[in-house]
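Descriptive analysis of the structure
In case you want the letters, here they are:
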2 protein chains.
Amino acid sequence: MTHSETRERPGKEERLVTSARELLHEQGVQCTTLAEIAEAADVPPGNVYYYFKTRDDLLRAVIDSRADNVRSLLASLDRRATPQARLKGLARAWADSAEVVAAHGCPLGSLVSELNKLDESLAKDASGLLRTLLDWAESQFREMGRRDAGDLAVTFIAGVQGAALLADTLSDAKLMTREARRLERWVESLG
Amino acid sequence: MTHSETRERPGKEERLVTSARELLHEQGVQCTTLAEIAEAADVPPGNVYYYFKTRDDLLRAVIDSRADNVRSLLASLDRRATPQARLKGLARAWADSAEVVAAHGCPLGSLVSELNKLDESLAKDASGLLRTLLDWAESQFREMGRRDAGDLAVTFIAGVQGAALLADTLSDAKLMTREARRLERWVESLG
DNA sequence: GTCTATATAGCGATAGAC
DNA sequence: GTCTATCGCTATATAGAC
């Protein structure tokens, strides 16, 4: 970090990651060029390589940034009193972002899905995003005294991700909110 | 069709669509080049354009081919006696292809997901694949006397698609079979 | 009708000027 | 440390030979 960054707008590296995050979500990984990312970040095109050695390095930085978001979301949910309340809060997070999900897909699911085909190494990194969610959900179900906590976590996250795919495909935000609400009721019914 | 196609292997156009189907599923839409498709179909590279005016035209042919598969699968399930048996048969179809799904994703879901980002026009065409499944499932739930047939159809197809994404991401075929079996029991419990 | 050679364009990446 | 000019590659698509 240089001396001036504390008072001005974020540094170029941070701006590149932020722009890349948004564009990858809106346009997909393969459709987004370094030139577009650089322009959105207001950084000269060829200059990207000063901050990231390769395009994949920038993609990895985006994955890390998403991972930070997931961790901080889960950390905020951990403050809730009961595992049911925590799980319902997670479902609510998707309901709250239904419009974005219907427009561009789940930021996590669509990224992972695309990388699964694109690059084995990046896919492995990105799989951690879903794994973190699954592990956290499993912990909550276990705290509820469920022996089948792992299966319940899969059902929960799969329900959210499948609904996100359908909402995106049909451009139907309400589909996402309805399914998220149903999952909240389902969690309640297990209590 | 020429005079010789009846006795020999499928014509070049058909071979191109078949090869494209497989490669698009295994490698994704964007990672698969026309040259690869042509080579797999044993057709000279530049010659693809004699059969398909553009790359998108070939992609559309693949979508149509997938749509035919979906329709014939649903037609075969329609022969079963009860809507429960039909829905369970649909879930079983994914359980039976769990290995392929864990290796390359759901052939329908991953295609639709990728096209959602890639091209609006193709995405619209491909969305029909999921729409057909949803409409058919809704009919079955309605025949079971459920007022919320549309919501149940969403839950059902979302569950399958979400599980396919997780199975692909974690390379875990058993995850797909477990979740498909759970959906079968769920359908049974609604009867 | 069938196929080859090539045009065109856009991307990631690099070398080196400032 | 910052940026520009450009290289090399690959993909779609076309023009035209056979």
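Residues numbered from 1 in each chain as written. Chains lettered and ligands numbered in written order. Predicted model: local features only at pLDDT ≥ 70, side-chain atom pairs only at ≥ 80, totals over all residues. Heavy atoms only, no water.

Below, the discussion takes up the pattern of salt bridges. Going through the model one piece at a time under the given rule, you end up with 20 salt bridges over all chains. Two residues, arginine 178 of chain B and aspartate 151 of chain A, come together in a salt bridge whose shortest N-O distance is 3.1 Å. With one member in each of two chains, arginine 178 of chain B in helix α10 (residues 173-190) and aspartate 151 of chain A in helix α9 (residues 149-170) form a pair that bridges those chains. Overall, the relative accessible area of 37% leaves arginine 178 of chain B in the partly exposed class. (Salt bridge = Lys/Arg side-chain N within 4 Å of Asp/Glu carboxyl O. Helix = DSSP H or I, 4+ residues; strand = E, 2+ residues; numbered from the N terminus. Buried < 20%, exposed > 50% of the residue type's maximum accessible area, 1.4 Å probe, protein only.)

Turning to the environment of alanine 173 of chain B, a few remarks are in order. Its place among the elements puts alanine 173 of chain B in helix α10. When residues no more than four places from it in sequence are discounted, the contact partners of alanine 173 of chain B are Ala98, Glu99 and Ala102 of chain B. (Contact = heavy atoms within 4.5 Å.)

Here we take up helix α9 (residues 149-170) of chain B. In an α-helix, one turn spans 3.6 residues; hence positions three or four apart end up facing the same way. In this model α9 of chain B runs 31 Å from its N-terminal to its C-terminal C-alpha over 22 residues, within 8% of the 32 Å that 1.5 Å per residue would give. Serine 171 of chain B, located one to two residues past α9 of chain B, shows a positive phi value of around 50°. (Expected span 1.5 Å × (residues − 1).)

Turning our eyes to something else, we now look at the protein's contact with DNA strand D. Within the structure, DNA strand D sits among Lys12, Pro44, Gly46, Asn47, Tyr50 and Tyr51 of chain A together with Thr33, Leu34, Tyr49, Thr54 and Arg55 of chain B. If you look at DNA strand D and keep only atoms within 4 Å of the protein, 79% of those are sugar or phosphate atoms. Within the side chain of lysine 12 of chain A, an N or O atom sits 2.3 Å from a phosphate oxygen of DNA strand D. Measuring from a phosphate oxygen of DNA strand D, one finds a backbone N or O atom of arginine 55 of chain B at 2.8 Å. (Near = heavy atom within 4 Å. Polar contact = N/O pair within 3.5 Å; in protein donor to acceptor, adjacent residues only side chain to side chain.)

Moving on: the domain arrangement of chain A. Interfaces are often described in size by the accessible area the parts lose on coming together. Residue and element names in this part refer to chain A. Domain assignment breaks chain A into domain 1 (1-53) and domain 2 (62-190). The interface of domain 1 with domain 2 comprises 9 residues on the first partner and 14 residues on the second. Of the roughly 1,000 Å² buried at the junction of domain 1 and domain 2 (both faces included), carbon and sulfur atoms supply 60%. Counting the surface domain 1 buries against domain 2, the share from its top three residues, Arg21, His25 and Val29, is 64%. At the surface where domain 1 touches domain 2, the tally comes to 0 salt bridges. Across the contact surface, domain 1 and domain 2 share 6 residue pairs in polar contact (both at pLDDT 80 or more). Of the residues in the side of domain 1 that touches domain 2, the class split is 4 nonpolar, 3 polar and 2 charged. (Domains from an automatic or database assignment. Buried area = accessible area lost by both parts, 1.4 Å probe. Nonpolar A, V, L, I, M, F, W, Y, C, P; charged D, E, K, R; others polar.)

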